[in-house]
Amino acid sequence: MTHMTSSEAFVETLVAHGVTDVFGIVGSAYMDALDIFEPAGIRFYSVAHEQAAAHMADGYSRVSNRHGVCIAQNGPGITNFVTAIAAAYWAHSPIVMVTPQTGSMGIGKGGFQETDQMPIFEKITKYQVQVNRFERIAEHTHRAFTLAMAERGPVQINIPRDLFYGEADFNIQKPLVIERSAGGRESLDAAARALADAKFPVILAGGGVIMADGSDPLLQLAEFLDAPVVNSYLHNDSFPASHRLSCGPLGYQGSKAAMHIVAQADVILALGTRLGPFGTLPQHGIEYWPENAKVVQIDVDHRMLGLVQEVEVAVHGDAAAAAVEILGRLKNMQVASAANTEERLTEVAKQKQAWADELSGWSSSDAVPMAPRRALRELENAMPEGAMVTTDIGNVCSVANSYLTFDRPNSMFAAMMWGNCGYAFPTAMGCKVAAPDRPAIAYVGDGAWGMSLAEVMTCVRENIPVTAVVFNNGQWGAEKKNQIDFYDDRYVGTNLDNPSFAAVAEAMGASGITVDSPDQVGDALRQATESGRPTVLEVMVNDELGEPFRRDALNLPVRLLGKYKAYEA
Ligand SMILES: Cc1ncc(C[n+]2csc(CCOP(=O)(O)OP(=O)(O)O)c2C)c(N)n1
Ligand SMILES: [Mg+2]
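Note on numbering: residues in each chain are counted from 1, in written sequence order. Each chain takes a letter, starting from A, and each ligand takes a number, starting from 1, following the order in which they are written. A pLDDT threshold of at least 70 governs which residues receive local features in this predicted model, and a stricter bar of 80 or more applies before side-chain atom pairs are shown or counted, although totals over entire chains, interfaces and linings include all residues. Excluding hydrogens and water, the side-chain values take into account all heavy atoms of the structure.

(A) Broad picture of the overall build of the protein chain. Labels follow the DSSP assignment, with helices taken as runs of H or I lasting at least four residues and strands as runs of E lasting at least two, numbered in each case from the N terminus. Helices and strands together make up the secondary structure of the protein chain, namely 20 helices and 20 strands. Radius of gyration here is computed from C-alpha atoms only, and the compact-globule reference equals 2.2 Å multiplied by the residue count raised to the power 0.38. For the protein chain, the C-alpha radius of gyration of 25 Å lies close to 25 Å, the compact-globule estimate for 569 residues. Based on the C-alpha atoms only, the size of the protein chain along its principal axes is roughly 70 × 60 × 55 Å. Accessible surface, the protein chain as shown: approximately 22800 Å² in total, 50% of it carbon and sulfur. Between the centroid of the 43 positive side chains of the protein chain and the centroid of its 66 negative side chains there is a distance of 4 Å. Using a 1.4 Å probe, the Shrake-Rupley method yields the accessible areas, and only the shown protein chains count as cover for residues. Charged residues are defined here as Lys and Arg on the positive side and Asp and Glu on the negative side; His and the ends of the chain fall outside this count. Just so you know, the charge point we use is NZ for Lys, CZ for Arg, CG for Asp and CD for Glu.

Right, here's the structure in full:
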């Protein structure tokens, strides 16, 4: 026990948990703690909007597997976090969100900047705690850090602002690391049995593989079985793309090779994935999910087991540890698929080649301004070594899924199932802070860029050299596609009239580059990522749009009232 103030105890707990970077906007509610961040070895990154601070914490934690921390002023500063915390929840990011609150003597009186800050985050956090006495600030903060990592998601520590003041004897605990197990013995046995008996096993590698640092065990298991590996939706970095067994991602704008291969599986090992409903929807007109295949699902969160798909075997375990255990068992078993390895590998190679050829055919337009697919192909070809790519929500960003290939984990950071426009740029900023030696590149549509561009100022001020690739097609394209397909080309709110985003970037003190022809793209990307400066690379593309997100979820309009009759399909 050491005698200190509660602000000191709070900051010392951050230090004990290895915190070196915190994202937020200054506020009087926590200024007493903020004042000693610097001598504590903590850098405070001041952003333009609190949503960006939480996205930065998200990117930071996703790339580094460390906690991301964000903080803001009570009331409006905290409510500005909501969208980003929801995104982090679905990305399983261990974020500690510190939410100073109205002072404890004023709570409930409707004073300044007061709202009940706990219910707002109830459904998008793994754990919430309100500090009830200043003497408990270190204990509660420690608990929040522990559970953010153990349950893999955002947690909230709510601190009435007066509780940053006070003196007491505090115990600053060191981090409690809770080891994950491989799963129960019987379910691991059953998993190995199912894989040993499989004639065409396919591994579906999810985000859990990356979070568990399981690349190596997965590789060994896949190679032992010679089993093709497909990535779960938006986790294109869960298995090395250049590997002979890699087939690419399932889901929206994914790889046809992956789909045709998974369709042939009699056993699917779903490793570290909840098998989200969005990731197995039909694509490219292919109903690829093999309804009769046995599914062996491994997830560290038991609530995800069997949630979306009926599964034959459910293993409640860590993806890496479970892969090791299963491989150990398989080595002592008769493996049925060993009898047809050559056939299976030939089929995998054939499907991969067919998809590569088809995609190249789709990506060969010489149009100026560019066809989006050509732009995406040029970017893919020029992608720098070790790049971290974040992707936003929009038509071009979604089509990018076919053109994002990685050989190392922790390289792709999509908006995942929250699907919010405005995710990619601040998330890339957080990635860059966590991994300054790797290029950070955000793919963003021009509509979504309007939500993001204020943070270019943050990049300049805080020296965060991120490259934003802005696909300028003059439209909120993904939604316009729905108006084209379902609403007879009635464009309401989907056309954009943009300024020069490169010029806007220059005015903010960053670099701005505009390209409109395919031969300029590679050089521009290299220039941007090698410059060491925050850069907005504005890519002028034509208005071509890929298949919509949710054709399955829209109906043709029916109008019953006479005055709306002309608005029928
Ligand atoms: C915060 C938020 N608002 C609205 C939407 C609905 N939405 C999905 S895609 C999209 C259009 C994106 O347009 P743009 O960023 O220009 O990319 P494009 O589709 O043109 O490639 C919109 C508005 C969303 N996903 N998130
Ligand atoms: Mg657009």
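Continuing now.
(B) Here's a closer look at the site of ligand 1. The nearness test applies per residue and asks whether one of its heavy atoms lies within 4 Å of the molecule or strand. The immediate surroundings of ligand 1 are formed by 18 residues, with Asn395, Asp446, Gly447, Gly477 and Ala478 found nearest. For the purposes of these results, a polar contact is taken to be a pair of N or O atoms within 3.5 Å, where, inside protein, one atom must be able to donate a hydrogen and its partner to accept one; residues adjacent in sequence count only when each atom of the pair is a side-chain atom. A distance of 3.0 Å is found between an oxygen atom of ligand 1 and a backbone nitrogen or oxygen belonging to Val396. Residue Gln475 places a main-chain N or O atom 2.9 Å away from an oxygen atom belonging to ligand 1. Coverage of ligand 1 by the protein chains reaches 79% of its 590 Å² of free accessible surface. A 1.4 Å probe that fits but cannot get out identifies a cavity on a 1 Å grid over protein atoms alone, an open set with protein on both sides within 12 Å along at least five of seven lines counts as a pocket, and a residue lines either if it has an atom within 4 Å of a point. Molecule-in-pocket calls rest on the fraction of atoms, with more than half required to lie within 2 Å of the cavity or pocket grid points. Judged by the proximity of its atoms to the pocket grid, ligand 1 belongs to the second largest pocket. Broken down by secondary-structure element, the contributors of at least two residues to the shell around ligand 1 are helix 14 (395–399), helix 16 (446–452) and helix 18 (477–486). Amino acids are sorted into nonpolar (Ala, Val, Leu, Ile, Met, Phe, Trp, Tyr, Cys and Pro), charged (Asp, Glu, Lys and Arg) and polar (every other residue, Gly among them). Considering only residue class, the shell around ligand 1 consists of seven nonpolar, nine polar and two charged.

(C) Expanded view of a nonpolar patch on the surface. On the surface, Leu561, Tyr564 and Tyr567 cluster together to form a nonpolar patch covering roughly 320 Å² of accessible area. By secondary structure assignment, the location of Tyr567 is in the segment after strand 20 (535–540). The class for Tyr567 is partly exposed, based on a relative accessible area of 43%. Every patch collects residues that have over 30% relative accessible area and no salt bridge, joining them within 9 Å if they carry like charges and within 5 Å if they are nonpolar side chains (Val, Leu, Ile, Met, Phe, Trp, Tyr). What counts as a salt bridge is simple: a side-chain nitrogen of Lys or Arg found within 4 Å of a carboxyl oxygen of Asp or Glu. Residue exposure (1.4 Å probe, protein chains only): buried if accessible area is under 20% of the type maximum, exposed if over 50%, otherwise partly exposed.

(D) Looking closely at a negative patch on the surface. Side chains of Glu8, Glu12, Asp32, Asp35 and Glu167 sit close together on the surface and give a patch of like negative charge. Relative accessible area serves as the criterion here: at 34%, Glu8 is assigned to the partly exposed category.

(E) Up close: the sheet that holds strand 4 (residues 68–71). Spatially, the six strands line up as an open sheet ordered 3-2-4-5-7-6, and their pairing is parallel. Either end of the sheet is taken by a strand with one partner, and the two such strands are strand 3 (43–46) and strand 6 (127–130). The mean angle between the axes of side-by-side strands here comes to 20°, regardless of whether they run parallel or antiparallel. Two strands are counted as paired when DSSP detects at least two bridges linking them. Sheet topology note: the strand 2 (residues 21–24)/strand 3 ladder contains four bridges and is parallel. Among the inter-strand pairings, Asp21 is bridged to a residue of strand 3, identified as Arg43. Every axis corresponds to a line fitted to the C-alpha atoms, with the helix fit spanning only the stretch in contact, and the corresponding angles, defined between N-to-C directions, vary from 0 to 180 degrees.

(F) Layout of the side chain of Asp21. Of note, Asp21 is situated in strand 2. In this structure Asp21 is buried but unpaired, with Arg66 as the nearest side chain of opposite charge at 4.9 Å. Within the local environment of Asp21, its side chain forms a polar contact with the side chain of Thr20, the two groups lying 2.8 Å apart. A polar side-chain atom of Asp21 sits 2.7 Å from a polar atom in the side chain of Tyr60. Note on definitions: a residue-residue contact is assigned when non-hydrogen atoms from the two residues lie within 4.5 Å. Setting aside chain neighbours within four positions, we find Asp21 in contact with Ile42, Arg43, Tyr45, Tyr60, Val69 and Val433.

(G) The coordination of the magnesium ion (ligand 2), seen in detail. For the magnesium ion (ligand 2), every protein donor is listed as Asp446 (OD), Asn473 (OD1) and Gln475 (O), and the spread of their distances is 2.0 to 2.1 Å. Motif for the magnesium ion (ligand 2), donor spacing along one chain: D-x26-N-x1-Q. With respect to class, Asn473 is no different from Gln475; both count as buried. For Na, K and Ca the donor cutoff is 3.2 Å, while for all other metals N, O and S atoms must lie within 2.8 Å; water is not among the atoms, so some sites may look incomplete.

(H) Just empty space enclosed by the protein, in detail. Grid points are joined across faces, edges and corners, and a volume is the space filled by probe spheres set on the points. Evaluated as defined, the whole model comprises two cavities of 30 Å³ or more. Reported here for the largest cavity is a volume of approximately 130 Å³. Residue assignment for the lining of the largest cavity shows that the elements contributing at least two residues are helix 3 (50–64), helix 8 (207–211) and strand 16 (412–414). Top contributing element to the lining of the largest cavity by residue count: helix 8, with three residues. Residue composition of the lining of the largest cavity, by class: five nonpolar, six polar and three charged. In this model, the second largest cavity occupies a volume close to 90 Å³. Forming the boundary of the second largest cavity are 15 residues, of which Leu234, Thr391, Asp392, Cys397 and Ser398 lie nearest the centre. Residue assignment for the lining of the second largest cavity shows that the elements contributing at least two residues are helix 14 and strand 16. For the lining of the second largest cavity, the per-class residue count stands at eleven nonpolar, three polar and one charged.

(I) Expanded view of the packing of helix 3 against helix 15 (residues 424–434). Two numbers describe how helix 3 lies on helix 15: the axes approach to 6 Å, and their chain directions differ by 50°. By the angle between their directions, the pair helix 3 and helix 15 is classed as oblique. At the point where helix 3 passes helix 15, the crossing takes the right-handed sense. Along the contact surface, helix 3 presents Ala52, His55, Met56, Gly59, Tyr60, Val63 and Ser64, while helix 15 presents Pro426, Thr427, Met429, Gly430, Cys431, Val433 and Ala434. By residue class, the composition of the contact of helix 3 with helix 15 is nine nonpolar, five polar and no charged. In this scheme, roughly parallel covers angles under 35 degrees and roughly antiparallel covers those over 145, while 65 to 115 is roughly perpendicular and the rest are oblique. Handedness of a helix crossing follows the sense of rotation of the near helix relative to the far helix, less than a right angle counterclockwise being left-handed and clockwise being right-handed.

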